[in-house]
Amino acid sequence: AQSVAQPEDQVNVAEGNPLTVKCTYSVSGNPYLFWYVQYPNRGLQFLLKYITGDNLVKGSYGFEAEFNKSQTSFHLKKPSALVSDSALYFCAVRDRTGGSYIPTFGRGTSLIVHP
Amino acid sequence: DAGVIQSPRHEVTEMGQEVTLRCKPISGHNSLFWYRQTMMRGLELLIYFNNNVPIDDSGMPEDRFSAKMPNASFSTLKIQPSEPRDSAVYFCASSGRQPDSNQPQHFGDGTRLSIL
């Protein structure tokens, strides 16, 4: 079985400050991990993924995420937030050794960046 | 790359009517997913196709929902008869080289469905 949790429904941060959106996962094997962003009235857009190797993954729009196997986490980060980063963020996991071919998505975290 | 194309973008209809949502996946992708998004339930997977064959339809809510993929470039999701609780945003997504793949999904911009 695979699952993912995004413990915060909403994250508020001031423009220019660093941001973190949290994600923890559970898989029986090894994970593929993904972050997506959704802007209003749009579909989800892929930001970055972890497959293997370097625990720090860099993605689009200056975002990065750190894979931590011991804590089963894959938090999304950005050093300096922009108002335009305000959106809904989804973490997703797929167990690449557990036989599931379908990713499981979290419930999403609304990021609000204040000017 | 035209992306995943969904139509219509908006649909408003009365309860009991048949609704058909359409999706054109990205050329070359062999996996297609239909999702439903609501405030209450978040993003729910309805059905997953691989190479035009339905692999997992456990998320289809009930017999009123049906999905087809007659070829690699087209899929439909049909609701008959529609009910107000079906109101949601329906997304189609495609990805390549499934099932043993780490490729991300590419989402369309959705169909916002309102059943009166």
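Just so it is clear, the structure is predicted and the values come from calculations on it, not from any experiment.

Another aspect to go through is the overall build of chain A. A tally of helices and strands in chain A yields zero helices and twelve strands. Listing each helix as α and each strand as β along chain A from the N terminus yields β-β-β-β-β-β-β-β-β-β-β-β. For 115 residues, the compact-globule estimate of 2.2 N^0.38 gives 13 Å, and the C-alpha radius of gyration of chain A, at 14 Å, lies within 12% of that figure. When its C-alpha atoms are laid out on the principal axes, chain A stretches across 45 × 30 × 20 Å. For chain A, the residues scored as buried account for 44% of the 115 residues in total. Sequence separation of 24 or more characterises 58% of the internal contacts of chain A that already satisfy a separation of 6 or more. Here chain A has roughly 5300 Å² of accessible surface; of this, 50% comes from carbon and sulfur atoms.

Glancing now at the overall build of chain B. A tally of regular secondary structure across chain B gives zero helices and eleven strands. Element order for chain B, N to C, with α for helix and β for strand: β-β-β-β-β-β-β-β-β-β-β. For a compact globule of 116 residues, the expected C-alpha radius of gyration is about 13 Å, and chain B comes in at 13 Å, within 12% of that figure. A buried classification covers 48% of the 116 residues belonging to chain B. By sequence separation, contacts in chain B at least 24 residues apart represent 55% of the contacts at least 6 residues apart. With an accessible surface of roughly 5700 Å², chain B has 49% of that area assigned to carbon and sulfur atoms. Looking at charge distribution, chain B has the averaged site of its 11 positive side-chain charges lying 3 Å from that of its 13 negative ones.

Time to look at the interface of chain B and chain A. Taken together, the contact between chain B and chain A spans 25 residues of the former and 19 residues of the latter. Across the contact surface, chain B and chain A share one salt bridge. Across the salt bridge formed by Asp109 of chain B and Arg42 of chain A, the nearest N and O atoms sit 3.0 Å from each other. In this structure, the connection of chain B to chain A is made through nine residue pairs in polar contact (both at pLDDT 80 or more). Where the side of chain B that touches chain A is concerned, the elements lending two or more residues are strand 4 (31–38) and strand 5 (42–50) of chain B. A per-element tally of the side of chain B that touches chain A places strand 5 of chain B first, with four residues. Of the residues contributing to the side of chain B that touches chain A, the split by class is eleven nonpolar, eight polar and six charged.

Next up on the list: the side chain of Lys78 of chain A. Residues and elements named next belong to chain A. Here Lys78 lies in strand 9 (residues 73–78). Overall, the relative accessible area of 8% leaves Lys78 in the buried class. Polar contacts involving the side chain of Lys78 include one to the main-chain carbonyl oxygen of Tyr61, which spans 3.1 Å. With residues near it in sequence (within four places) discarded, Lys78 still touches Pro18, Leu19, Tyr61, Gly62, Phe63 and Asp85.

By volume, the largest pocket is sized at about 650 Å³. The wall of the largest pocket is formed by 27 residues, among which Gln38 and Leu88 of chain A together with Gln37, Thr38 and Met39 of chain B lie closest to the centre. A per-class count over the lining of the largest pocket returns eleven nonpolar, ten polar and six charged.

Conventions we followed
- Residues numbered from 1 in each chain as written.
- Chains lettered and ligands numbered in written order.
- Predicted model: local features only at pLDDT ≥ 70, side-chain atom pairs only at ≥ 80, totals over all residues.
- Heavy atoms only, no water.
- Helix = DSSP H or I, 4+ residues; strand = E, 2+ residues; numbered from the N terminus.
- Rg over C-alpha atoms; globule rule 2.2 N^0.38 Å.
- Buried < 20%, exposed > 50% of the residue type's maximum accessible area, 1.4 Å probe, protein only.
- Contact = heavy atoms within 4.5 Å.
- Areas by Shrake-Rupley, 256 points an atom, 1.4 Å probe, with all protein chains shown as cover.
- Lys, Arg positive; Asp, Glu negative; His and termini not counted.
- Charge placed at Lys NZ, Arg CZ, Asp CG, Glu CD.
- Salt bridge = Lys/Arg side-chain N within 4 Å of Asp/Glu carboxyl O.
- Polar contact = N/O pair within 3.5 Å; in protein donor to acceptor, adjacent residues only side chain to side chain.
- Nonpolar A, V, L, I, M, F, W, Y, C, P; charged D, E, K, R; others polar.
- 1 Å grid on protein atoms, 1.4 Å probe; cavity = no way out; pocket = protein on both sides within 12 Å on 5 of 7 lines; lining within 4 Å.
- Points joined across faces, edges and corners; volume = space filled by probe spheres on them.

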